[in-house]
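Structural characterization, general
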Amino acid sequence: MDDYLKELTKNFSGRDFKRFSGYVYVTLQREIDSATTKKQKNKYILIRKQILRYIVTNERTITKELLNKK
């Protein structure tokens, strides 16, 4: 999950934590919508739930990463 989160952080252009969490949600929702099977959709729903839980728990660390990003 850490690699996936780093990729999302790298692709995010802003520095605001709330906008980042919205970006994560929308990005993973696109993956869910484009999934063809129910198994794939469930996989992405689970990933989205876990990542959102992780970023809320580690808000300070992620905010620092966003602010230090060039």
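All values derive from a computational prediction rather than experimental measurement. (Residues numbered from 1 in each chain as written. Predicted model: local features only at pLDDT ≥ 70, side-chain atom pairs only at ≥ 80, totals over all residues. Heavy atoms only, no water.)

**Examining the side chain of Thr27**
Looking at where Thr27 falls in the secondary structure, it is placed in helix α2 (residues 17-34). On the basis of relative accessible area, Thr27 is assigned to the buried category, the value being 15%. A distance of 2.7 Å separates a polar atom in the side chain of Thr27 from the backbone oxygen of Tyr23. (Helix = DSSP H or I, 4+ residues; strand = E, 2+ residues; numbered from the N terminus. Buried < 20%, exposed > 50% of the residue type's maximum accessible area, 1.4 Å probe, protein only. Polar contact = N/O pair within 3.5 Å; in protein donor to acceptor, adjacent residues only side chain to side chain.)

**A word on the packing of aromatic side chains**
Evaluated as defined, the whole model comprises 2 aromatic pairs. Consider the rings of Phe12 and Phe20, whose centres lie 5.4 Å apart with planes at 70 degrees: the pair is edge-to-face. For the ring pair Phe12 and Tyr23, a centre distance of 5.3 Å and an interplane angle of 45 degrees mean the geometry is tilted. Taken together, the positions of Phe12 in the loop between α1 (2-11) and α2 and Tyr23 in helix α2 put the pair 11 residues apart, joining distant regions of the chain. (Phe/Tyr/Trp six-rings, centres within 6.5 Å; stacked < 30°, edge-to-face > 60°.)

**Quick notes on α2**
For α2, spanning 18 residues, the distance from its first C-alpha to its last is 26 Å, which sits close to the expected 26 Å at 1.5 Å a residue. Every buried residue belonging to α2 is among Phe17, Phe20, Val24, Thr27, Leu28 and Ile32, and all of these are buried. Taken down its axis, α2 places every buried residue within 145 degrees of arc, on the same side. Among the exposed residues of α2, those oriented more than 90 degrees off its buried face are Lys18, Arg19, Arg30, Asp33 and Ser34. (Expected span 1.5 Å × (residues − 1). Arc of directions from axis to C-beta.)

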